[in-house]
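Summary of structural features
Below, each chain spelled out in residue letters.
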Amino acid sequence: MLGQATALAEQEREGGIVDRRDERPVLRFERVTVTFDEIRALDDVSFEVYAGESRVILGAAGSGKTVLLKTALGLIRPDRGRVWVFGQNITEMPEEELFHIRARIGVLFQEGGLFDSLTIEENVGYPLENQPSLRCPPEERRRRVEEALRFVELEHTLDKFPSELSGGMRRRVGIARAVVVEPELVLYDSPTAGLDPITAYTIIALIVKERDLKNITTIMVTHRYQDAHFLAGFRWDPQRGGLRPAPPEATRTRFLVLREGRLVFEGTRAELEAASDPYVRKFIRREQ
Amino acid sequence: MLDILKPPVLAVQEFFSLAGRTFRNLFRRPHYAADLFLQMDTIGVGSLPIVSLIGFFSGAVMGMQMSKALQQYGAVGQTGQLVALTMVRELGPVLTAIAVAGRNAAGMASELGSMKVTEQIDAMRALGTDPLQKLVKPRLVATAVVLPLLTIIADFVGLLGGFVIAYFFLNLSSAQYWNNAWQSLEYRDVTFGLLKPFVFAFAIALVGCYYGLSTTGGTQGVGRSTTQAVVTSIILIFVLNLFITRIYVSL
């Protein structure tokens, strides 16, 4: 599966036409509708994400971005349509079985979603301790937690509580918790919301670093075009330790735009910037 | 008309759904023993001072009120009996449950509500734990275990309050008060007096957790859930008390 994805990535980077007929998508939404109190949070949404791809989901507040991510995790059940994750239909999957799927997915919630009564070490180690299919022994858990915190440069915060950290640091701990399980797919929910530009850049750089060092399928929802710009146009430079510009095909990034629960655009960055839809154009112009 | 009825009917349905799923999970793994003991400490040990104070003063007041009424029939010596019966049958279970509802149903609703609005409940599910197993089950079991114990303490401290009044103000001897109180109690008084808090525990814990987990609308929503949890659990305590007492008197 991974070998096939790598071969496809190579083919795509070289500018070849990619034939995905035999490839199984990591995530697939099939005409998904989610309704809350008769309001359609997602309305007939269909798309597919393949291994190694990056997907940016843009949309204004209330457009259904977070609902989409939670539906992908099986936290919200669709009223209509089907959701496939790693080739398995999770639409009506029981919660106990979903845990095995979720163990392969990392997630960063909008405000970090850290447990405020647990220390940073306990927070980051939480999935290793509780995911039924992981359940690490304490020594290995400690080692992996330290490793994940080192990745986000917060290894000195092990014994602190989330309330003792700044907003940006909490978001970085959230990233550490998302990647500690060595996931195949990572979902980021507005990772830079409410952060200053410098901290926002640090967070995006970590997301790009995680994606490029481990070739992880990445889905990021955001309302900031600036975040999308970094994810689509930059790659992590392992030699110099920073972001460097990269051609669009190298990052394998595609865009979705949501408007009031409906998917109004899907395509590459070039297609997005050339889009004629007034909503998409207005959104990009404003965010730029 | 249907639009008005829809939200409360939906809430009742969701409440019973939560209760049903919690009962189904009671004997299923995983069991979070550390969370259970933490909750027993919070609810049991934490409520001990308020339950003791409420028990003592209600016992004392009952002693005063009953002696006044008994004086008309020259039966002040029966004060112990009346204090024992009212405390063990009614006041002990109901007042203890109300104190715990005020303290812990509110605590559960606000704690779980805060977790809900800060996406900690979603995070918990995403990271491999079922909130019903991790949060609701320990709270329910802890309340069901400690509320009857707290009621026993409240009953005893209430009797002590009645004794203080009887001994110092009514000039009854210690033996007269305690013998009279002890002999008036039947097994079924004690049985129903302990069955009540056991049933009330379900109302307190499930209502607290239900309102907590259904919180929406930020910090304002947490406040709203907390208030609703206290009001609903107290009303439920009184309604359930009526039904249990009805069964008691018909036996």
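About the criteria used
- Residues numbered from 1 in each chain as written.
- Chains lettered and ligands numbered in written order.
- Predicted model: local features only at pLDDT ≥ 70, side-chain atom pairs only at ≥ 80, totals over all residues.
- Helix = DSSP H or I, 4+ residues; strand = E, 2+ residues; numbered from the N terminus.
- Contact = placed C-beta atoms within 7 Å.
- Nonpolar A, V, L, I, M, F, W, Y, C, P; charged D, E, K, R; others polar.
- Expected span 1.5 Å × (residues − 1).
- Pairing = 2+ DSSP bridges.
- Axes fitted to C-alpha atoms, helices over the stretch in contact; angles between N-to-C directions.
- Parallel < 35°, antiparallel > 145°, perpendicular 65-115°, else oblique.
- Left-handed = near helix turned anticlockwise from the far one by under 90°.
- Buried ≥ 20, exposed ≤ 12 C-beta atoms within 10 Å, placed from the backbone.
- Core = buried A, V, L, I, M, F, W, Y, C linked by C-beta atoms within 7 Å.
- pLDDT = per-residue confidence, 0-100.

Quick notes on the overall build of chain B
On a plain count of helices and strands, chain B comes out with 8 helices and 0 strands. Ordered by position from N to C terminus, the α and β elements of chain B give α-α-α-α-α-α-α-α. For chain B, the spread of C-alpha atoms along the three principal axes comes to 65 × 45 × 35 Å. Restricting the contact set of chain B to residue pairs at least 6 apart, pairs at least 24 apart contribute 89%.

Focus on the interface of chain A and chain B
Between chain A and chain B, the residue contacts involve 18 residues of the former and 11 residues of the latter. Elements represented by at least two residues in the side of chain A that touches chain B include exactly α3 (95-102) and α4 (120-130) of chain A. Of the residues assigned to the side of chain A that touches chain B, the class counts are 10 nonpolar, 4 polar and 4 charged.

So, helix α8 (residues 218-250) of chain B
Since the α-helix packs 3.6 residues into each turn, any two residues three or four apart lie on the same face. When the terminal C-alpha atoms of α8 of chain B are compared, their 48 Å separation across 33 residues agrees well with the 48 Å that a helix rising 1.5 Å per residue should span. Residues of α8 of chain B that are buried in the fold lie against α3 (79-117) and α7 (187-213) of chain B.

Focus: the sheet that holds strand β2 (residues 39-49) of chain A
Residues and elements named next belong to chain A. Within the open sheet, the 4 strands sit side by side as β2-β1-β4-β5. Their pairing is antiparallel. Edge positions in the open sheet fall to β2 and β5 (88-89), since each of these has one partner strand only. Pairing geometry for strand β4 (residues 80-85) and β5, over 2 bridges, is antiparallel. The residue of β5 that forms the bridge with Val 85 is Gln 88. Along the sheet, helix α2 (residues 65-72) contacts β1 (27-36), β2 and β4; its crossing angle with β2, the most-contacted strand, is approximately 60 degrees.

Here's the deal with the sheet that holds strand β12 (residues 262-267) of chain A
Residues and elements named next belong to chain A. Read from one edge of the open sheet, 6 strands run β6-β7-β8-β3-β11-β12, paired in mixed fashion. Each having just a single partner strand, β6 (105-108) and β12 make up the two edges of the open sheet. On average, each strand axis in the sheet is tilted by 15 degrees relative to the strand beside it, whichever way the strands run. One ladder, built from 5 bridges, connects strand β3 (residues 54-59) with strand β8 (residues 217-222); its direction is parallel. When the sheet's bridge partners are listed, Ser 54 is paired in β8 with Thr 218. Where helix α6 (residues 167-179) meets the sheet, its contacts fall on β6 and β7 (185-189), and the angle it forms with β6 comes to roughly 170 degrees. Relative to the sheet, helix α7 (residues 197-214) contacts β3, β7 and β8, its axis offset from that of β8 by approximately 160 degrees.

Quick word on the packing of α4 of chain A against α6 of chain A
All names here are of chain A. Taken N-terminus to C-terminus, the directions of α4 and α6 make an angle of 30 degrees; their axes are 7 Å apart at the nearest point. What the angle tells us is that α4 and α6 run roughly parallel. The way α4 lies across α6 gives a crossing that is right-handed. When α4 is examined against α6, the residues Ile 120, Asn 123, Val 124, Tyr 126 and Pro 127 are found in contact with a partner set consisting of Val 173, Ala 176 and Arg 177. For the contact of α4 with α6, a count of residues per class yields 6 nonpolar, 1 polar and 1 charged.

What about the pairing of strand β11 (residues 253-259) of chain A?
Residue and element names in this part refer to chain A. By the criterion of burial, β11 is predominantly enclosed, with 6 of the 7 residues buried. Pairing of β3 with β11 involves 6 bridges; the strand directions are parallel. Residue Ser 54 lies in a different strand from β11, and its bridge partner there is Thr 253. Here β11 pairs with β12 via 5 bridges, running antiparallel. Bridge pairing in β12 places Arg 259 opposite Arg 262. Between β11 and the antiparallel strand that follows it, β12, lie 2 residues; Glu 260 among them carries a positive phi value of about 45 degrees.

Here we look at unusual backbone geometry
Residue Arg 29 of chain B is joined to Pro 30 of chain B through a cis peptide bond whose omega torsion reads -5 degrees. Among the structural elements, Pro 30 of chain B can be located in the loop between α1 (2-25) and α2 (33-71). A positive phi angle, near 55 degrees, is found at Asp 44 of chain A, a position not held by glycine. Turning to its location among the elements, Asp 44 of chain A is positioned in strand β2. At Asn 215 of chain A, a position not held by glycine, the phi torsion is positive, near 50 degrees. As for its position among the elements, Asn 215 of chain A is in the loop between α7 and β8.

Re the nonpolar core
Core analysis: the largest hydrophobic core is formed by 135 residues, its most contacted members being Ala 176, Leu 187 and Leu 231 of chain A together with Ala 105, Ile 204, Val 207 and Cys 209 of chain B. Broken down by element, the residue count for this core peaks at 18 residues, all from α3 of chain B.

Let's talk about the confidence of the model for chain B
On average, residues of chain B score 92 in pLDDT, and 100% of them are at 70 or above. Interface predicted TM-score (ipTM) for the complex: 0.84; the corresponding pTM is 0.85.

Considering the environment of Met 64 of chain B
Residues and elements named next belong to chain B. Mapped onto the elements, Met 64 comes out in helix α2. Taking the C-beta count within 10 Å as the criterion, Met 64 has 17 such neighbours and is therefore assigned partly exposed. Between the C-alpha atom of Met 64 and that of Thr 79, which follows or precedes it by 15 residues, the distance is 8.6 Å.

Let's talk about the environment of Leu 73 of chain A
Within the secondary structure layout, Leu 73 of chain A lies in the loop between α2 and β4. For Leu 73 of chain A, a count of 20 C-beta atoms within 10 Å gives the class buried. Filtering out sequence-adjacent residues up to four positions away, Leu 73 of chain A remains in contact with Arg 102, Ile 105, Val 107 and Leu 187 of chain A together with Ala 126 of chain B.

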